[in-house]
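Remarks on the overall topology
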Amino acid sequence: VAVAVAVAVAWSLQDAAGRLTIEGKRSLGQAIRDLSPSGAKAVARHALTLFVLAGSVAYECNIFSGVASGVELLTDESAI
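Residues numbered from 1 in each chain as written. Predicted model: local features only at pLDDT ≥ 70, side-chain atom pairs only at ≥ 80, totals over all residues. Heavy atoms only, no water.

Quick notes on unusual backbone geometry
For Lys25, which is not glycine, the phi dihedral falls at a positive 60°. In this fold, Lys25 is placed in the loop between helix H1 (2-24) and helix H2 (28-35). (Helix = DSSP H or I, 4+ residues; strand = E, 2+ residues; numbered from the N terminus.)

This is how it looks when you write it as structure tokens:
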């Protein structure tokens, strides 16, 4: 179920970003920058960037730990 939800969310976000790029002639990053050019909004924009970066790092760490667990399972003779 979680994978299906993740696929649906990724699909819809990528579709929205693609439509924005085609119709608006600017990328998602440019659109966010245009919404908040300065001041407190710039702080919110930087916070959003940090949250996205932290989420990406957490996602990659999860992948690495899953691969490590899989390799350990395959190489551990006591698990057989």
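Some points on H1
Between its terminal C-alpha atoms H1 stretches 32 Å, which fits the 33 Å expected from 23 residues at 1.5 Å a residue. Two residues or fewer after H1 comes Lys25, characterised by a positive phi angle close to 60°. (Expected span 1.5 Å × (residues − 1).)

So, the confidence of the model for the protein
Confidence along the protein averages 82 in pLDDT terms, with 91% of residues attaining 70 or more. The weakest mean pLDDT in the protein belongs to H2 at 76; the strongest belongs to helix H3 (residues 40-75) at 85. (pLDDT = per-residue confidence, 0-100.)

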